[in-house]
Amino acid sequence: MSGTPFQRAVWDALKRIPEGRVTTYGDLAAYLETRAVRAVGTAVGKNPYAPDVPCHRVVRSDGHIGSYSGEGGVKRKISLLASEGVHVSAGRVRDFAEKRHRFV
DNA sequence: AGGGCGGCAGTTG
DNA sequence: TCAACTGCCGCCC
């Protein structure tokens, strides 16, 4: 099981996000040249390579932490981000604009 | 500030 | 195989 081409494209994009940075589902969709933002979210959640593919570095376009279907849920997502220097308070990423990674 | 609809891949009946 | 529902969202009403 290695996922569909679409999922692999999403996961591959995730690996391009540097540590300590985050991106949004919208940016991900734009990078993949699709408007299927929800589909992107679904693909991210299906990621089977937990730590290797940093699915926790994907947040909402408004800076909110979003959701997390992996072990520990949102709590875990926040912990992982915190360990990289990305702090979350009140469900929001601090200095979101600065931490936001742009695919070039 | 809140709620609802929209576009798309995957999964399930 | 076909149709319908769901999902780590986003944007407009």
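These lines cover the structure that appears in this document, whether it is placed above or below. Residue indices follow the written sequence of each chain, beginning from 1 at its first position. Both sets of labels track the order of writing: A upward for chains, 1 upward for ligands. Totals for whole chains, interfaces and linings use every residue, but because this is a predicted model, local features are given only for residues with pLDDT of at least 70 and side-chain atom pairs only at 80 or more, for both listing and counting. Only hydrogens and water are set aside when side-chain values are computed; all heavy atoms of the structure are taken into account.

Some thoughts on the environment of Phe-6
And step 1. Each helix is a run of DSSP H or I of at least 4 residues and each strand a run of E of at least 2, with the numbering of both proceeding from the N terminus. Within the secondary structure, Phe-6 sits in helix α1 (residues 5-14).
And step 2. Accessible area is worked out with a 1.4 Å probe on protein chains only. A residue is then buried under 20% of its type maximum, exposed over 50%, and partly exposed in between. Assessed through its relative accessible area of 34%, Phe-6 is described here as partly exposed.
And step 3. Separated by 34 residues in the primary sequence, Phe-6 and Val-40 place their C-alpha atoms 8.6 Å from one another.
And step 4. Contacts: residue pairs with any heavy atoms within 4.5 Å of one another. Beyond its immediate sequence surroundings of up to four residues, Phe-6 is in contact with Ala-39, Val-40 and Ala-43.

What about unusual backbone geometry?
And step 1. Backbone geometry places Ala-90, a non-glycine residue, at a positive phi of 60°.
And step 2. If you trace the backbone, Ala-90 turns up in the loop between β3 (88-89) and β4 (92-93).
And step 3. Classification of Ala-90 as exposed rests on a relative accessible area of 80%.
And step 4. Backbone geometry places Asp-95, a non-glycine residue, at a positive phi of 50°.
And step 5. Topologically, Asp-95 is positioned in the loop between β4 and α5 (96-99).

As for the protein's contact with DNA strand C
And step 1. Around DNA strand C, the surrounding shell holds 17 residues, and the nearest of these are Tyr-25, Arg-38, Thr-42, Gly-45 and Ser-69.
And step 2. Only heavy atoms are used to decide nearness, and a residue is near a molecule or strand if one of them lies within 4 Å of it. Backbone atoms, meaning sugar and phosphate, form 47% of the atoms of DNA strand C found within 4 Å of the protein.
And step 3. Pairs of N or O atoms are called polar contacts if they sit within 3.5 Å, as long as, within protein, a hydrogen donor faces a hydrogen acceptor (for residues adjacent in sequence, only side-chain-to-side-chain pairs). With respect to DNA strand C, the side chain of Thr-42 contributes an N or O atom lying 2.9 Å from a base nitrogen.
And step 4. For the surface near DNA strand C, the secondary structure elements donating two or more residues are α2 (25-31) and α3 (37-45).
And step 5. Looking at which element gives the most residues to the surface near DNA strand C, the answer is α3, with seven residues.
And step 6. Classification used: nonpolar for Ala, Val, Leu, Ile, Met, Phe, Trp, Tyr, Cys and Pro, charged for Asp, Glu, Lys and Arg, polar for all others including Gly. In terms of residue class, the surface near DNA strand C is built from six nonpolar, eight polar and three charged.

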